[in-house]
Amino acid sequence: MMEEEAFDVAVSFCHVSKSFKGFGGQVFHALNDVSFDVGKGEFCILAGRNGSGKSLLMSIAGGLVRPDSGNVAFPCENDSRNATGKSIGMVFQNVRESILGDTALDDVLLSLGIRDRKMRNPKEIAMSLLEDAGLKGKENRPSHALSSGEGRRLLAASVLALGRDVIFFDEPYSNLDYPGVREMNRMIARLKDEGRTIVLITHELEKCLGLADKLFVLDNGVLVYSGNPEGALGSLNKWGIREPEVAAKGIKSLVWL
Amino acid sequence: MKDAFFSYSKGKGFAYSVPTFLKVVLYFALSAVMFSLRLEFVALSIAFIIAAYSVSGIGVCRLLADLKQAVACFVMILWSDVISIFIRGKRICDVGMADFNVLLMLRTVALISLASFLFRSTGFYDMWKLSDDIERIIFGKKKSGIGAVSGVFVMFVSFIPQTFRIWRTLETSYLSRGGRRGIRMVMTLMPMLIRNSMIAADMTSDSLASRR
Ligand SMILES: Nc1ncnc2c1ncn2[C@@H]1O[C@H](COP(=O)(O)OP(=O)(O)OP(=O)(O)O)[C@@H](O)[C@H]1O
Ligand SMILES: [Mg+2]
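Residues numbered from 1 in each chain as written. Chains lettered and ligands numbered in written order. Predicted model: local features only at pLDDT ≥ 70, side-chain atom pairs only at ≥ 80, totals over all residues. Heavy atoms only, no water.

Trainee: Would you explain the overall build of chain B in this entry?
Mentor: Along its length, chain B carries 8 helices and 0 strands. Going from N to C terminus, chain B has its helices and strands arranged as α-α-α-α-α-α-α-α. Each principal axis of the C-alpha distribution contributes one length, and for chain B these read about 60 × 45 × 30 Å. When the 212 residues of chain B are sorted by exposure, 42% land in the buried category. (Helix = DSSP H or I, 4+ residues; strand = E, 2+ residues; numbered from the N terminus. Buried < 20%, exposed > 50% of the residue type's maximum accessible area, 1.4 Å probe, protein only.)

Printed below as a string of structure tokens:
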């Protein structure tokens, strides 16, 4: 809780900027000098309105997009390979194209195979991951026939199979029904208990703010808030985020579990 | 959702138990052979492929569904001939005895049947494992991660079924907005197909890269 407490930084965004040129030639600043640190084992929420640059920031952290200036560091990793972002797992917003296996089981097996070729009984591990994701009995369905919510949970299971320490979830609640959101939140809470670092990208704060250690808000590519979740209450509306109703039970009750 | 063309689904039968390596080698070898065979032999090969398909466990209805794709190719082949006659006053290719168009069509049928056999019975995961093993044998051992060669290979392999899935989505969307099937539909959707498959391939490759 205390700010002064020395903490290990898991991901450090340092003056990250990125702009794009439109067809007309005008330059659009998608990210503007964004700097913040995510502590090891922390659960952070990255919020902001549509088009504020959240997914882009994740892609930059994952090494998929190169920033124009600034960089992302992973100070906890001693393996230099990880500096390219390979130490993070990403649950993408686009589910359909991010699923690689032809069946749910194959998709998880693929991740396990990439992680360690000589893994013993990968099938058992895959089945338990699928069960955690609420996909028991659906392991042999063609993956393109899964519903969007099921697909999202499958993608989460496949990313967890990679065993990464830092995991980004990009809009994990879209297309999820109430039980689906709860399942996702339980999965996330479990990861937090295991000591993994989580960055959750969303604008649906009422579903998860109670779990969060930190909140970061982007608006028009600028980091407008960084700190504990309580501090942002009251200003969220102007950044395009629905102000959650904090009842007498307090901010910790803001979670669908 | 209906089965997309050339899409894999789990099944039992001999097609699924043939090692992936053998299937891939046969696919490329036989496809190449089709281009050197004479008309009668291509026809004979098609009969063989269909016979093999019918005992493969994949189901001939899937082959027939995939072969519907050939119709578009036939139209294109005939169309180019019509244009050629119109412009040059003669057909694209006048090679005496064997009708070039028939040969071309039979080859198309043969190639589609071979592709259907491979893609219907072999999943992305099988392909990845195969290419990964090959890469490991050639370039030495690595305990984890995706190699560059196998990465590109699986992307290539997944591109074809993905493109057909995208086509189906576009077509459904077009028809649901009141569009009709026909040349106009194809002309409208083709650029979108190209664009969307490029975008999809990009996202798939991101997903693959992020799992390395
Ligand atoms: N390759 C690109 N070329 C041009 N503009 C891009 C590109 N990638 C992202 N952008 C722009 O950058 C901005 C941020 O995009 P991003 O996908 O990060 O938004 P987001 O915050 O994730 O929004 P959402 O909540 O809708 O997912 C958008 O305005 C988008 O149009
Ligand atoms: Mg986004």
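Trainee: Sorry, what's going on with the overall build of chain A here?
Mentor: The helix and strand inventory of chain A stands at 6 helices and 9 strands. Computed over its C-alpha atoms, the radius of gyration of chain A comes to 18 Å, within 12% of the 18 Å expected for a compact globule of 257 residues. Burial status across chain A gives 54% buried among its 257 residues. By sequence separation, contacts in chain A at least 24 residues apart represent 67% of the contacts at least 6 residues apart. Of the roughly 11400 Å² of accessible surface on chain A, 48% is carried by carbon and sulfur atoms. (Rg over C-alpha atoms; globule rule 2.2 N^0.38 Å. Contact = heavy atoms within 4.5 Å. Areas by Shrake-Rupley, 256 points an atom, 1.4 Å probe, with all protein chains shown as cover.)

Trainee: Please explain the pairing of strand β6 (residues 166-170) of chain A as it appears in this structure.
Mentor: Where a strand is regular, its side chains alternate between the two sheet faces. Residues and elements named next belong to chain A. Counting buried positions along β6 yields 5 of 5 residues, so the element is predominantly enclosed. Residues V166, F168 and D170 point to one face of β6 and I167 and F169 to the other, with burial holding for every one of them. Sheet topology note: the strand β5 (residues 88-91)/β6 ladder contains 4 bridges and is parallel. In the sheet register, M90 faces β6, and the bridge partner there is F168. Strand direction decides the pairing type here: β6 and strand β7 (residues 197-201), joined by 5 bridges, are parallel. Within β7, the position partnered with D170 by the bridge is I201. You can see the chain leave β6, run along helix α6 (residues 178-193) and come back into β7, and the turn it takes is right-handed. (Pairing = 2+ DSSP bridges. Right-handed = clockwise from strand over helix to strand, strands pointing away.)

Trainee: I keep staring at the domain arrangement of chain B and nothing clicks. Help me out?
Mentor: You'll often see interface size given as the accessible area lost when the parts meet. All names here are of chain B. Domain boundaries assigned for chain B yield domain 1 (14-122) and domain 2 (126-210). Centre-to-centre separation of domain 1 and domain 2, based on C-alpha positions: 22 Å. Counting residues at the interface gives 7 residues for domain 1 and 7 residues for domain 2. For the pair domain 1 and domain 2, the summed buried surface comes to about 730 Å²; carbon and sulfur atoms form 88% of the total. If you sort the residues of domain 1 by the area they bury against domain 2, T20, F119 and T122 come out on top, with a joint share of 51%. Summed over the shared surface of domain 1 and domain 2, the result is 0 residue pairs in polar contact (both at pLDDT 80 or more). (Domains from an automatic or database assignment. Buried area = accessible area lost by both parts, 1.4 Å probe. Polar contact = N/O pair within 3.5 Å; in protein donor to acceptor, adjacent residues only side chain to side chain.)

Trainee: What exactly am I supposed to notice about the sheet that holds strand β2 (residues 27-39) of chain A here?
Mentor: Residues and elements named next belong to chain A. The 3 strands are arranged β2-β1-β4 in an open sheet whose pairing can be described as antiparallel. Edge strands, defined here as strands with exactly one partner in the open sheet, are β2 and β4 (69-73). The mean angle between the axes of side-by-side strands here comes to 15 degrees, regardless of whether they run parallel or antiparallel. Contacting β1 (9-21), β2 and β4, helix α1 (residues 54-61) runs over the sheet at an angle of about 115 degrees to β1. (Axes fitted to C-alpha atoms, helices over the stretch in contact; angles between N-to-C directions.)

Trainee: Help me understand the nonpolar core in this model?
Mentor: Within soluble globular proteins, side chains that are nonpolar tend to cluster in buried spots. With 120 residues, the main nonpolar core has F13(A), I45(A), L57(A), V108(A), F168(A), F169(A) and L215(A) as its most contacted residues. No other element matches helix α5 (residues 100-121) of chain B, which puts 9 residues into this core. Split by domain, this core shows at least three residues from each of two domains, domain 1 (14-122) and domain 2 (126-210) of chain B. Beyond its immediate chain neighbours, meaning those up to four positions away, L215(A) contacts I45(A), A47(A), L205(A), L209(A), Y225(A), S226(A), G227(A), P229(A), A232(A) and L236(A). Among the nonpolar cores identified, the runner-up in size contains 8 residues, and I166(B), W167(B), L170(B) and L189(B) belong to it. (Core = buried A, V, L, I, M, F, W, Y, C linked by side-chain atoms within 4.5 Å.)

Trainee: Teacher, can you tell me more about the side chain of D107(A) here?
Mentor: Note on placement: D107(A) falls in helix α3 (residues 104-115). A residue is classified by how much of its surface remains accessible, and D107(A), at 0% relative accessible area, is buried. Residues in contact with D107(A), not counting those within four places in the same chain, are I99(A), L100(A), G101(A), L154(A), S158(A) and R211(B).

Trainee: Just to check I follow, could you spell out the site of ligand 1 for this structure?
Mentor: All names here are of chain A. With respect to spatial proximity, 13 residues lie near ligand 1, and among them G51, K54, S55, L56 and Q93 are the closest. For ligand 1, an oxygen atom lies 3.2 Å from a polar atom in the backbone of S52. In this structure, E171 approaches ligand 1 through a side-chain N or O atom, which is 3.3 Å from an oxygen atom. Burial of ligand 1 by the surrounding chains reaches 61%, relative to a free accessible area of 640 Å². (Near = heavy atom within 4 Å.)

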